[in-house]
Amino acid sequence: MRQTDADGKTILGPIDPLDPIRASIEDLRDNVDDRIYYFGSKDLVTTDLDPVTNTAIQLSRIDGDGVAEVGVVLERDWRPTIIAGDAYAFDKNGARVRLTASADVVRCEVRNATAEFDRITAAGVFSRTRTKLYGSSNHLLSTTKLFHRAGLGQSLSVGNSGTPLFTTAPVRPGRVLSFNAGVLTYGSDHNSLYLKDGVPNVPVPPANIESLIDCRERYSETFMSSEGEYLTRTGSLPSDVAVLESAHGVGGLTVDKFLEGGVLFENAVAAVAQSWKLAQLFGLQHEVALSFVQGESNASPSSSVAFYKGALVDIQRRFEARVQAIKGTTESVPMYLCQMNSWTGSNLVTSNVPVAQFEAALENPGKIILVGPKYVGPFADKQHFTAEGYVDHGAVYGYAIDLHRKGGVSLPLSGISAIRSGIDVALTFRDLPGTFGIDRSRVTDPGNDGVVWSDDGTGNSVSIVPGSAQFTPGTRVVRYQLSAVPTGGSPRLRIGLDGISGNNGGPTTGPRTTFRTDTGKLNRRGNPIYRDCVAHALPVTTA
């Protein structure tokens, strides 16, 4: 395909870029090496059309940066049709690509290997859409499914402070992919660009999500590359599944900026539409899940539990509906989110956001999955991880996704009961795979392991006796002693919900607990993967 001269400069071999070799699908199968195959993966990219037939497509290899080099021509003659009001394209071998699922298409044509179709809705709204019927991907030849992990959120979703990069080489070639612009689909840092008066107003350029390349980080480390690394380990996703990681968030935004109709939500939807089309072109099955990493910009008391929880439910519900509309299916599209635990950095003692996130997961099983908290770090500042922190966090995401997909417990580590007998309170934790324990070295004890007694204030003053914790390894029960028998109403334990205003978030200064489950797995840095206890409130009952 190309040669390199004595000075290291790339020169063309016998293939003239202005008169490329024409080949059928069968010719390509027989006459090119194993690194190239039609419309498929590894390093094949489409760059142009044959000017004579308008149906042949010029193909070439791409390097690790997605740069195309001249190649061969493949004939794939597409024919359009409309079935039950939806646009389809068929090739001469019977391959089918469904282009719409709206049942309102009135015209569909293919010109120069690009499909063009018109819609007219019941309300009389007209629209015209064009989409290319070719693409490229670096997935392995053995791949049968593409699992698209689309991400929304603010700065922690796009790797703020995640430099220097940890992932400088492809995560797992052929298995973990990104769009051609990279994990960050704007093709650059998402933390400060593409905003006008605090509102994202720039749709992702279609050219940035045209093809799929091997995933590596380019601008800042995100959690998504390490998530993909975990999901493609032996024993996680089947070896014939490739993971596509794409981030569509922007830093510093409140939760309402991620609702349907906003630019960022629509960017994620557009990315799914493109990955679905590419999967069909490559003959792959297709699965979608959403991630959401947000909360800092809603930490203040003005964000009530009901408001924030409602926003989370709406984002998941509407994103699922849009994916179903794109594909014409009724599939479930779960949303995986992590808990915000750095509100003290915003000069707050507590926040409603973590409570809303926990309750949203409890009340929407299988739809909203709370991966875990973010207080373990390591942190670069009051709120953001270092690159290593994103690596560690991505492994927790990967573990939780893998567990949920296999039918395991979809809730994080949390208390399931608190029973008082006199001044003794027995706190029992959720049973998760792995070994439950108290870790006061990795996470500094904030006092009573982050557990605080609370009631409605109508009775006597009661607190947990410092140093009274009793825990027997091998169990999931931790006992505390109270300073007196409580007489107030609505008793509860506040776990990880209280901190010191002005403190940085993190394992030594932020709101936190010392409870964790050791999964027995290691992350990419060789550190244990823990499921740390989330912040939540637990009602206390009387024995």
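Residues numbered from 1 in each chain as written. Predicted model: local features only at pLDDT ≥ 70, side-chain atom pairs only at ≥ 80, totals over all residues. Heavy atoms only, no water.

**Brief notes about empty space enclosed by the protein**
Turning to step 1, where the next piece is worked out: Applying the stated criterion across every chain yields a total of 1 cavity of 30 Å³ or more.
Turning to step 2, where the next piece is worked out: In this structure, the largest cavity encloses a volume near 40 Å³.
Turning to step 3, where the next piece is worked out: Along its surface, the largest cavity is lined by Leu156, Glu296, Asn341, Ser342, Lys374, Tyr375, Phe379, Gln383 and Phe385. (1 Å grid on protein atoms, 1.4 Å probe; cavity = no way out; pocket = protein on both sides within 12 Å on 5 of 7 lines; lining within 4 Å. Points joined across faces, edges and corners; volume = space filled by probe spheres on them.)

**A few points about the layout of surface pockets**
Turning to step 1, where the next piece is worked out: In this structure, the largest pocket encloses a volume near 860 Å³.
Turning to step 2, where the next piece is worked out: In terms of lining residues, the largest pocket is bounded by 34 residues, among which Arg130, Thr131, Ala270, Ala273 and Gln274 are the most central.
Turning to step 3, where the next piece is worked out: Taken together, the elements giving at least two residues each to the lining of the largest pocket come down to β4 (44-49), β11 (114-120), β12 (126-132), α3 (263-281) and α4 (305-327).
Turning to step 4, where the next piece is worked out: Per-element accounting of the lining of the largest pocket gives the leading share, 8 residues, to α3.
Turning to step 5, where the next piece is worked out: Of the residues that constitute the lining of the largest pocket, the class distribution is 15 nonpolar, 11 polar and 8 charged. (Helix = DSSP H or I, 4+ residues; strand = E, 2+ residues; numbered from the N terminus. Nonpolar A, V, L, I, M, F, W, Y, C, P; charged D, E, K, R; others polar.)

**Side note on the sheet that holds strand β9 (residues 96-98)**
Turning to step 1, where the next piece is worked out: Read from one edge of the open sheet, 3 strands run β7-β8-β9, paired in antiparallel fashion. Since the sheet does not close on itself, it has two edges, and those belong to β7 (79-83) and β9, each with one partner. With strand direction ignored, the average angle separating the axes of adjacent strands in the sheet is 30 degrees.
Turning to step 2, where the next piece is worked out: With 3 bridges connecting them, strand β8 (residues 86-90) and β9 associate as antiparallel partners. Within β9, the residue paired with phenylalanine 90 across the bridge is arginine 96. (Pairing = 2+ DSSP bridges. Axes fitted to C-alpha atoms, helices over the stretch in contact; angles between N-to-C directions.)

**Some thoughts on the packing of α3 against α4**
Turning to step 1, where the next piece is worked out: Here α3 crosses α4 at 30 degrees, and the two axes come no closer than 10 Å. Classified by the interaxial angle, the pair formed by α3 and α4 is roughly parallel. Handedness of the α3/α4 crossing: right-handed. Residues Phe265, Glu266, Ala268, Val269, Val272, Ala273 and Trp276 of α3 touch α4, and the partners they reach there are Ile315, Arg318, Phe319, Arg322, Val323, Ile326 and Lys327.
Turning to step 2, where the next piece is worked out: In terms of residue class, the contact of α3 with α4 is made up of 10 nonpolar, no polar and 4 charged. (Parallel < 35°, antiparallel > 145°, perpendicular 65-115°, else oblique. Left-handed = near helix turned anticlockwise from the far one by under 90°. Contact = heavy atoms within 4.5 Å.)

**Side note on α3**
Turning to step 1, where the next piece is worked out: Over its 19 residues, α3 extends 27 Å from the first C-alpha to the last, a length consistent with the 27 Å expected when each residue adds 1.5 Å.
Turning to step 2, where the next piece is worked out: Within α3, 15 of the 19 residues are buried, leaving the element largely enclosed by the surrounding structure.
Turning to step 3, where the next piece is worked out: Immediately beyond the C-terminal end of α3, within one or two residues, lies glycine 283, with a positive phi of roughly 75 degrees. (Expected span 1.5 Å × (residues − 1). Buried < 20%, exposed > 50% of the residue type's maximum accessible area, 1.4 Å probe, protein only.)

**Looking at the sheet that holds strand β29 (residues 515-522)**
Turning to step 1, where the next piece is worked out: In space, the 3 strands of this open sheet follow the order β24-β29-β30, with antiparallel pairing throughout. Each edge of the open sheet carries a strand with a single partner, namely β24 (435-438) and β30 (528-532). The mean inter-strand angle of the sheet, taken between neighbouring strand axes irrespective of direction, is 40 degrees.
Turning to step 2, where the next piece is worked out: Note that β24 and β29 share 4 bridges and pair antiparallel. Each residue of the ladder has a partner; that of threonine 435, found in β29, is aspartate 518.
Turning to step 3, where the next piece is worked out: Contacts between helix α6 (residues 387-405) and the sheet are confined to β29 and β30, with β30 contributing the most and set at about 70 degrees to the helix.

**Some thoughts on the confidence of the model for the protein chain**
Turning to step 1, where the next piece is worked out: Looking at the protein chain as a whole, its pLDDT mean stands at 87, while 84% of the residues score no less than 70.
Turning to step 2, where the next piece is worked out: This stretch, residues 8-59, has a pLDDT under 50; its non-local contacts, to residues over four places away or in other chains, come to 138 contacts.
Turning to step 3, where the next piece is worked out: Here residues 68-74 scores under 50 on pLDDT; set against residues more than four positions off or in separate chains, the count is 43 contacts. (pLDDT = per-residue confidence, 0-100.)

**Considering the packing of aromatic side chains**
Turning to step 1, where the next piece is worked out: Taken as a whole and assessed by the stated rule, the structure comprises 11 aromatic pairs.
Turning to step 2, where the next piece is worked out: Between the aromatic rings of tyrosine 230 and tyrosine 399, the centroid separation amounts to 6.1 Å while the plane-to-plane angle is 70 degrees, which identifies the pairing as edge-to-face. One end of the pair, tyrosine 230, is in helix α2 (residues 223-231); the other, tyrosine 399, is in helix α6, and 169 residues separate them in sequence. Take tyrosine 230 and tyrosine 399: they sit in the same class, and that class is buried.
Turning to step 3, where the next piece is worked out: A connected cluster of aromatic rings, assembled from ring pairs, spans Phe429, Phe436, Phe471 and Phe515.
Turning to step 4, where the next piece is worked out: It is arginine 405 that lies over the ring of phenylalanine 147; its NZ or CZ is 5.1 Å from the centre. (Phe/Tyr/Trp six-rings, centres within 6.5 Å; stacked < 30°, edge-to-face > 60°. Lys NZ or Arg CZ within 6 Å of the ring centre and 35° of its normal.)

**Section: the nonpolar core**
Turning to step 1, where the next piece is worked out: Grouped together as the largest cluster of nonpolar side chains are 63 residues, with contacts concentrated most on Leu146, Leu152, Phe292, Leu312 and Phe319.
Turning to step 2, where the next piece is worked out: Per element, the largest residue contribution to this core is 10 residues, and it comes from α3.
Turning to step 3, where the next piece is worked out: Here leucine 146 is in contact with Leu177, Leu212, Ala242, Leu244, Ser275, Ala279, Leu284, Gln285, His286 and Glu287, once residues within four sequence places are set aside.
Turning to step 4, where the next piece is worked out: Of all hydrophobic cores here, the second largest spans 33 residues; its members include Val183, Val293, Tyr336 and Tyr390. (Core = buried A, V, L, I, M, F, W, Y, C linked by side-chain atoms within 4.5 Å.)

**Concerning unusual backbone geometry**
Most of the time, phi is negative for any residue but glycine, and the peptide bond is trans.
Turning to step 1, where the next piece is worked out: With an omega of 0 degrees, the peptide bond between threonine 163 and proline 164 qualifies as cis.
Turning to step 2, where the next piece is worked out: One can find proline 164 in the loop between β13 (145-153) and β14 (176-179).
Turning to step 3, where the next piece is worked out: Cis geometry marks the peptide bond from glycine 377 to proline 378; its omega dihedral reads 5 degrees.
Turning to step 4, where the next piece is worked out: Take proline 378: it is sitting in the loop between β21 (368-370) and α6.
Turning to step 5, where the next piece is worked out: The phi torsion at asparagine 347 lies on the positive side, around 65 degrees, for a residue other than glycine.
Turning to step 6, where the next piece is worked out: Looking at the secondary structure, you find asparagine 347 in the loop between β20 (335-337) and α5 (353-363).
Turning to step 7, where the next piece is worked out: Looking at asparagine 347, the relative accessible area reads 53%, which means it is exposed.
Turning to step 8, where the next piece is worked out: Positive phi, normally seen in glycine, also occurs at asparagine 448, with a value near 55 degrees.
Turning to step 9, where the next piece is worked out: With respect to the element layout, asparagine 448 can be found in the loop between β24 and β25 (451-454).
Turning to step 10, where the next piece is worked out: Since its relative accessible area comes to 16%, asparagine 448 is described here as buried.

**Some remarks on the environment of cysteine 215**
Turning to step 1, where the next piece is worked out: Inspection of the secondary structure puts cysteine 215 in the loop between β17 (212-214) and α2.
Turning to step 2, where the next piece is worked out: With residues up to four places along the chain from it excluded, the contact list for cysteine 215 reads Ala169, Pro170, Val171, Val176, Leu177, Ser178, Val183 and Ser225.

**Details of the packing of α2 against α6**
Turning to step 1, where the next piece is worked out: Following both chains from N to C, one finds α2 and α6 inclined at 45 degrees, their axes separated by 7 Å at the closest point. Judged by the angle between their axes, α2 and α6 are oblique. α2 and α6 meet at a crossing whose hand is right-handed. Residues Phe223, Ser226, Glu227, Tyr230 and Leu231 of α2 pack against Tyr390, Val391, His393, Gly394, Ala395, Tyr397, Gly398, Tyr399, Ile401 and Asp402 of α6.

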